[in-house]
Amino acid sequence: MRRGARRGRREGPARRRARAPGEALNADVIWQIAGLGILIVVVHSVIKTAGRDELAWMVTVAGVVVVLFRVIGVVNQLFQAVRSVFQM
Amino acid sequence: MSVLALVAFALVAVVCLVVLRPLRPELAVLLSVAAAALIFLALLPRIAQVVSLVTDLAARGGVEPAYLAAVLRIIGVAYVAEFGAQVARDAGEGAIAAKVELGGKVLILLLAVPILLGILSLVTKLLG
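Here the structure is a predicted model, which means the values were calculated and not measured. Along each chain, the written sequence defines residue order, and numbers are assigned to residues from 1. All chains are assigned letters beginning at A, and all ligands numbers beginning at 1, according to the order in which they are written. Local features in a predicted model are, by the rule used here, given only for residues with pLDDT of at least 70; side-chain atom pairs are given and counted only at 80 or more, and totals for whole chains, interfaces and linings are based on all residues. Derived side-chain values reflect all non-hydrogen atoms in the structure, with water molecules and hydrogen atoms excluded from consideration.

Novice: Is there a simple way to explain the interface of chain A and chain B in this structure?
Specialist: A common measure of how large an interface is: the accessible area buried when the components associate. Any pair of residues with heavy atoms lying within 4.5 Å of one another is described as a contacting pair. Every contact between the two is made by 30 residues of chain A and, on the other side, 37 residues of chain B. The term buried area means the drop in 1.4 Å probe accessible area that two parts suffer when joined, counted for both and summed. Interface area, chain A with chain B, both sides summed: about 3000 Å², of which 88% is carbon and sulfur. Considering only the surface of chain A that becomes buried against chain B, Leu25, Ile30 and Phe86 of chain A emerge as the three largest contributors, covering 26% of it. Whenever a carboxyl oxygen of Asp or Glu lies within 4 Å of a side-chain nitrogen of Lys or Arg, that contact is scored as a salt bridge. The tally of links from chain A across to chain B stands at zero salt bridges. Polar contacts, as counted here, are pairs of nitrogen or oxygen atoms within 3.5 Å of one another; within protein the pair requires one atom able to donate a hydrogen and one able to accept it, and residues that are adjacent in sequence qualify only if both atoms are side-chain atoms. Linking chain A with chain B are zero residue pairs in polar contact (both at pLDDT 80 or more). Every element with two or more residues in the side of chain A that touches chain B is listed here: α2 (28–49) and α3 (53–86) of chain A. Per-element tally for the side of chain A that touches chain B: the top contributor is α3 of chain A, with 14 residues. Three classes are used: nonpolar for Ala, Val, Leu, Ile, Met, Phe, Trp, Tyr, Cys and Pro, charged for Asp, Glu, Lys and Arg, and polar for all others, with Gly counted as polar. A breakdown of the residues in the side of chain A that touches chain B according to their chemical character gives 23 nonpolar, six polar and one charged. In DSSP terms, a helix is any run of H or I states spanning at least four residues, a strand is any run of E spanning at least two, and both are numbered starting from the N terminus.

Here's what the structure looks like:
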């Protein structure tokens, strides 16, 4: 279980590097966020059914934070690009 | 990037948003931010082409480069402020959106001060 978690973590940056900040419009981030959202909803409802409301809430917050970091990366890219185009 | 890619991307984002909005509104906000940022990011190379065209025209017309830089900066501020305000309004925070727009206007006014001073000095030179 622990090894699996570590491998999952190692996969993250590699995949992020593979998604080059190119000029093409790719929907990877959209799919990721939507999938993560649905996953969070399912996990939340399962844990809530098990009667651990506070744990379900924690799962939701963790998911939101993960997605937030992903989106912050995209917005940072956007701001850098705007700054370089308009010489700000 | 063609207009077809843009519309396809927007359709994907809209479908995901419609699915996600009733389940997790906070994630839907983040998803819409990501979609808007990605579309803007994909449009920026084209905007850069337009900017280089305008720079070329200004150089041919003998416009002072400082004024052109100010105008470009103003356009950038307007784009970014509009982006922020739309995100805030999309999340249902109209007050924050209005403040962001106000801040954008103030900053644009400040950036336009050198141009205003240039016009003023030109007018005084013409009159006196």
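Novice: Would you take a moment to explain the nonpolar core for this structure?
Specialist: One broad trend across soluble globular proteins is that nonpolar side chains are buried collectively. Throughout, nonpolar core names a set of buried Ala, Val, Leu, Ile, Met, Phe, Trp, Tyr and Cys residues whose side chains join them through atoms within 4.5 Å. Residue burial is assigned from relative accessible area. The probe radius is 1.4 Å, only protein chains are included, and a residue is buried under 20% of its type maximum, exposed over 50%, and partly exposed in between. Ile30, Val71, Leu78 and Phe86 of chain A together with Leu44 of chain B are the most contacted members of the largest nonpolar core, which totals 38 residues. Counting residues per element, the ones that place at least two in this core are α2 and α3 of chain A together with α1 (3–23), α2 (25–61) and α3 (65–90) of chain B. Considering every element that reaches this core, the biggest residue donor is α2 of chain B, with 15 residues.

Novice: Even after reading the chapter, I still don't get the environment of Ile30 of chain A, so can you show me in this structure?
Specialist: With respect to the secondary-structure elements, Ile30 of chain A resides in helix α2. Among the residues examined, Ile30 of chain A registers a relative accessible area of 0% and is labelled buried. For Ile30 of chain A and Leu55 of chain A, which are 25 residues apart along the polypeptide, the C-alpha to C-alpha distance reads 26 Å. With sequence-adjacent residues up to four places away left out, Ile30 of chain A is seen in contact with Phe9, Val12, Ala13, Cys16, Leu31 and Ala35 of chain B.

Novice: Is there a simple way to explain a nonpolar patch on the surface in this structure?
Specialist: On the surface, a cluster of nonpolar side chains totalling about 770 Å² of accessible area is made up of Leu55, Trp57, Met58, Val61, Val65, Leu68, Phe69 and Ile72 of chain A. Mapped onto the elements of the fold, Met58 of chain A is located in helix α3. To count toward a patch, a residue needs a relative accessible area over 30% and no salt bridge; like charges are then connected within 9 Å, while nonpolar side chains (Val, Leu, Ile, Met, Phe, Trp, Tyr) are connected within 5 Å. Surface accessibility in these figures is a Shrake-Rupley result with a 1.4 Å probe; residues are shielded only by whichever protein chains are displayed.

Novice: What is the right way to read α2 of chain A from this model?
Specialist: Since the α-helix advances by 3.6 residues per turn, residues separated by three or four positions end up pointing in the same direction. Helix span is expected to be 1.5 Å times the residue number reduced by one. In this model α2 of chain A runs 32 Å from its N-terminal to its C-terminal C-alpha over 22 residues, within 8% of the 32 Å that 1.5 Å per residue would give. Buried residues along α2 of chain A sit against α3 of chain A together with α1 and α2 of chain B. The positive-phi residue at the C-terminal boundary of α2 of chain A is Gly51 of chain A, with phi of around 90 degrees.

Novice: For this particular structure, what's the right way to read the pattern of salt bridges?
Specialist: A side chain with one charge may pair with a side chain of the opposite charge, provided their charged atoms come close. Residues and elements named next belong to chain B. Tallied over the entire structure, the rule returns five salt bridges over all chains. Of the charged contacts in the structure, one is a salt bridge between Arg21 and Asp90, with a shortest N-O distance of 4.0 Å. Placement of the pair is Arg21 in helix α1 and Asp90 in helix α3, with a sequence separation of 69 residues. Taking relative accessible area as the criterion, Arg21 reaches 31% and is therefore assigned partly exposed. The class of Asp90 is partly exposed, set by a relative accessible area of 38%. Note that Arg89 is salt-bridged to Glu101, the shortest N-O span being 3.3 Å.

Novice: Would you take a moment to explain the packing of aromatic side chains for this structure?
Specialist: Aromatic ring pairs are reported here in terms of the distance separating the ring centres and the angle at which the planes meet. Two rings from Phe, Tyr or Trp (for Trp, the six-membered ring) form a pair when their centres sit within 6.5 Å of each other. Planes less than 30 degrees apart are called stacked, planes more than 60 degrees apart edge-to-face, and all others tilted. Scanning the entire structure with this criterion turns up three aromatic pairs over all chains. Considering the side-chain rings of Phe40 of chain B and Phe83 of chain B, the 6.3 Å spacing of their centres and the 55 degrees angle between planes classify their relative orientation as tilted. You can see Phe40 of chain B sitting in helix α2 and its partner Phe83 of chain B sitting in helix α3, a full 43 residues away along the chain. Across the pair, exposure class does not vary: Phe40 of chain B and Phe83 of chain B are buried alike. In textbook terms, an aromatic cluster arises when at least three aromatic residues are bridged by ring pairs, as seen for Phe86 of chain A together with Phe40, Tyr79 and Phe83 of chain B.

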